[in-house]
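Given next are the chains, with one letter for each unit.
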Amino acid sequence: MAEKGFNPYAMAQAQFDRVAELLALDEGARELLRQPLREYHFSIPVRMDDGTVRVFRGFRCQHNDARGPSKGGIRFHPQETVDTVRALSMWMTWKCACVDIPLGGGKGGVICDPHNLSMKEQEQICRGYVRQLWKNVGPVNDVPAPDVMTSAQHMLWMLDEFEALGGGHYPGFITGKPVGMGGSLGRTEATGFGVVFTLREALKDLDVRPEDTTASLQGFGNVAQYAMRLYTQLGGAVIAVSTWDNKAQAARTFRKRDGISLDELLAITDRFGEVNVDKAADQGYEILDGDDWLVQDVDILLPAALENQITAENVKSISKRVNIVAEGANGPTTPEADKVLHERGVFVIPDFLANAGGVTCSYFEQVQSNMNYFWTRDEVLGKLDLKMTDAFIAVSELARKRKLFMRDAAYVIAINRVAQACKDRGWC
Ligand code: GLU
């Protein structure tokens, strides 16, 4: 979803180059790790409901699989670009390494807008995607998952197609499946809860009680909704939520200064996380500009929508009160904005640590699918909390010891692990 002038792949490479320099990585390792190992670009022809054929473009990038099969979601978005998918596949490699799960990094995307597609058309896209790719993905090669605008239903269609082509049952091919069809309890909550597990630990580091904090959220999809659930359970108050309004083709911020009730807001939200503006106005929300989530006078900002949201242009408008940015989205902060946050002493919980709960739970799902033995929700979320907390502590201890920004500390840990795996295999 690259906007003019913003290239997420260039951003991911710039972040990598900075840390490669810090680690004095040798040339071969740098070249290997600053681009995907493999990528696939293909067309997906679909017979639409009106009888015409439309051709959708699809991508899958496998950035690195030295530590295990490539792992990462498949996004459906009208502005998807191959560079975005490349960047996201790279961030998946660092994400899996940062939480120390035995998986590599991959990402996929299809240029399409599910808002304007029937379920039958979406099913055809899912099946067509797998038909193009099935020989190059699978439980031991590359394991997809849900992402922006894809759900458990999409994953099940993809699994069904893969199993039909492969002639067997391969539940480990894909994660984020529906519970009862090989999915894991807790997977839906995992990314949002994981963000809050790391946020809780960051608050401990700063000696602040969650109940003394307020937050502003960008996005109200799966990640933001579950992050809000756990954060408010810990006692925090969300006072603003920004969501996309497809009808107006613009974002809006919904504010209640005394705190928003999650269930009340969910009752007026559709399956894409879009809040009904008229109903919100009736229920007493202040309706502000989409970008206004960023300028709220709160302690915590939680971007949980898309990349490239906190930029050189808008970072200066962030309130002085903000002392934590917890990145639920992938790549929400540009390097220029990051520098400003660093200088201001804002505690940033970087994306590939903060939002690693999703893929960590995907790993648990694979383990359960492969054993055909399923855990309780409490077991899953308990293991998730342990994994996320351990990863957070390792990053924050390194940041303190080496006086590094949190993002750099997380990168040092992740890149070291991946570079070591490549070296041990004799790749570089
Ligand atoms: N799409 C999620 C992410 O960006 C989850 C990926 C997965 O479960 O493989 O981390």
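Because the structure is a prediction, the values reported are computed rather than measured. (Residues numbered from 1 in each chain as written. Predicted model: local features only at pLDDT ≥ 70, side-chain atom pairs only at ≥ 80, totals over all residues. Heavy atoms only, no water.)

## Focus: the overall build of the protein
Then step 1. Along its length, the protein carries 14 helices and 12 strands.
Then step 2. For 428 residues, the compact-globule estimate of 2.2 N^0.38 gives 22 Å, and the C-alpha radius of gyration of the protein, at 20 Å, lies within 12% of that figure.
Then step 3. Considered along the principal axes of its C-alpha atoms, the protein spans approximately 55 × 55 × 45 Å.
Then step 4. Relative to all contacts within the protein whose residues are 6 or more apart in sequence, the contacts with residues 24 or more apart total 72%.
Then step 5. Approximately 17100 Å² of the protein is accessible, and the part contributed by carbon and sulfur atoms is 49%.
Then step 6. For the protein, the separation between the mean place of its 48 positive charges and that of its 56 negative charges on side chains is 3 Å. (Helix = DSSP H or I, 4+ residues; strand = E, 2+ residues; numbered from the N terminus. Rg over C-alpha atoms; globule rule 2.2 N^0.38 Å. Contact = heavy atoms within 4.5 Å. Areas by Shrake-Rupley, 256 points an atom, 1.4 Å probe, with all protein chains shown as cover. Lys, Arg positive; Asp, Glu negative; His and termini not counted. Charge placed at Lys NZ, Arg CZ, Asp CG, Glu CD.)

## Structural notes on the packing of aromatic side chains
Then step 1. Here the structure, examined in full by the defined rule, presents 11 aromatic pairs.
Then step 2. An angle of 0° between the planes, with centres 5.8 Å apart, marks the rings of F16 and W94 as stacked. Taken together, the residues F16 in helix α1 (residues 8-22) and W94 in helix α3 (residues 82-98) connect sequence positions 78 residues apart.
Then step 3. Its relative accessible area of 0% is what places W94 among the buried residues. (Phe/Tyr/Trp six-rings, centres within 6.5 Å; stacked < 30°, edge-to-face > 60°. Buried < 20%, exposed > 50% of the residue type's maximum accessible area, 1.4 Å probe, protein only.)

## With respect to the sheet that holds strand β6 (residues 214-218)
Backbone hydrogen bonds hold the strands of a sheet together, and the pairing may be parallel or antiparallel.
Then step 1. With respect to topology, seven strands assemble into an open sheet ordered β9-β8-β7-β6-β10-β11-β12, the strand pairing being mixed. At either margin of the open sheet sits one strand with a lone partner, and together these are β9 (286-289) and β12 (347-349). Direction aside, neighbouring strands of the sheet carry axes that sit 20° apart on average.
Then step 2. Taken together, the four bridges between β6 and strand β10 (residues 300-303) define a ladder with parallel strand orientation. Across the sheet, Q218 pairs through a bridge with P303, a residue of β10. (Pairing = 2+ DSSP bridges. Axes fitted to C-alpha atoms, helices over the stretch in contact; angles between N-to-C directions.)

## Brief notes about the pattern of salt bridges
Then step 1. A complete count under the given rule lists 35 salt bridges for this structure.
Then step 2. Across the pair R86 and D83 runs a salt bridge, and its minimum N-O distance is 2.6 Å. Of this pair, R86 and D83 both sit in helix α3, three residues apart, roughly one helical turn.
Then step 3. Residue R86 is classed as buried on the basis of its relative accessible area of 18%. (Salt bridge = Lys/Arg side-chain N within 4 Å of Asp/Glu carboxyl O.)

## Concerning the site of the ligand
Then step 1. Around the ligand, a shell composed of 14 residues is seen, among which K71, K95, K107, D147 and S362 lie nearest.
Then step 2. Protein contacts shield 94% of the accessible area of the ligand, which totals 300 Å² for the unbound molecule.
Then step 3. Going through the elements one at a time, β3 (70-77), α3, β5 (142-146) and α12 (357-371) are the ones with two or more residues in the shell around the ligand.
Then step 4. Counted by class, the shell around the ligand contains four nonpolar, five polar and five charged residues. (Near = heavy atom within 4 Å. Nonpolar A, V, L, I, M, F, W, Y, C, P; charged D, E, K, R; others polar.)

## Quick word on the environment of D351
Then step 1. Residue position: D351 is located in helix α11 (residues 351-354).
Then step 2. Separated by 65 residues in sequence, D351 and E286 place their C-alpha atoms 29 Å apart.
Then step 3. Ignoring sequence-local partners within four residues, the contact set of D351 consists of E327, A329, N330, G331, P332, A356 and R407.

## Describing the packing of helix α6 (residues 187-205) against helix α13 (residues 377-402)
Then step 1. In contact at an axis separation of 9 Å, α6 and α13 are set at 45° when each is read in the N-to-C sense. Between α6 and α13, the crossing angle belongs to the class labelled oblique. With respect to the hand of their crossing, α6 and α13 are arranged in right-handed fashion. From α6, E189, A190, F193, G194, F197, T198, R200, E201, A202 and D205 reach across to α13, where they touch R377, L381, L384, D385, M388, T389, F392, I393, S396 and R400. (Parallel < 35°, antiparallel > 145°, perpendicular 65-115°, else oblique. Left-handed = near helix turned anticlockwise from the far one by under 90°.)

## Quick word on the pairing of β3
Then step 1. For β3, the tally of buried residues reaches eight of eight residues, placing the bulk of the element in the interior.
Then step 2. Sheet topology note: the β3/β5 ladder contains five bridges and is parallel. In the sheet register, S70 faces β5, and the bridge partner there is D142.
Then step 3. Pairing analysis gives four bridges linking β3 to strand β4 (residues 105-111), with the strands arranged parallel. Following the sheet pairing, F76 is matched in β4 by V110.
Then step 4. With α3 bridging β3 and the parallel β4, this β-α-β connection has right-handed handedness. (Right-handed = clockwise from strand over helix to strand, strands pointing away.)

## Quick word on the sheet that holds β5
Then step 1. Strand order in this open sheet of five strands is β1-β2-β4-β3-β5, and the pairing throughout is mixed. Sheet topology places β1 (38-47) and β5 at the edges, where each strand pairs with a single neighbour. Here the strands of the sheet are splayed against their neighbours by 25° on average, with no regard to which way each runs.
Then step 2. Here helix α4 (residues 119-133) sits on the sheet in contact with β1, β2 (53-64), β3 and β4, set at roughly 140° to β1.

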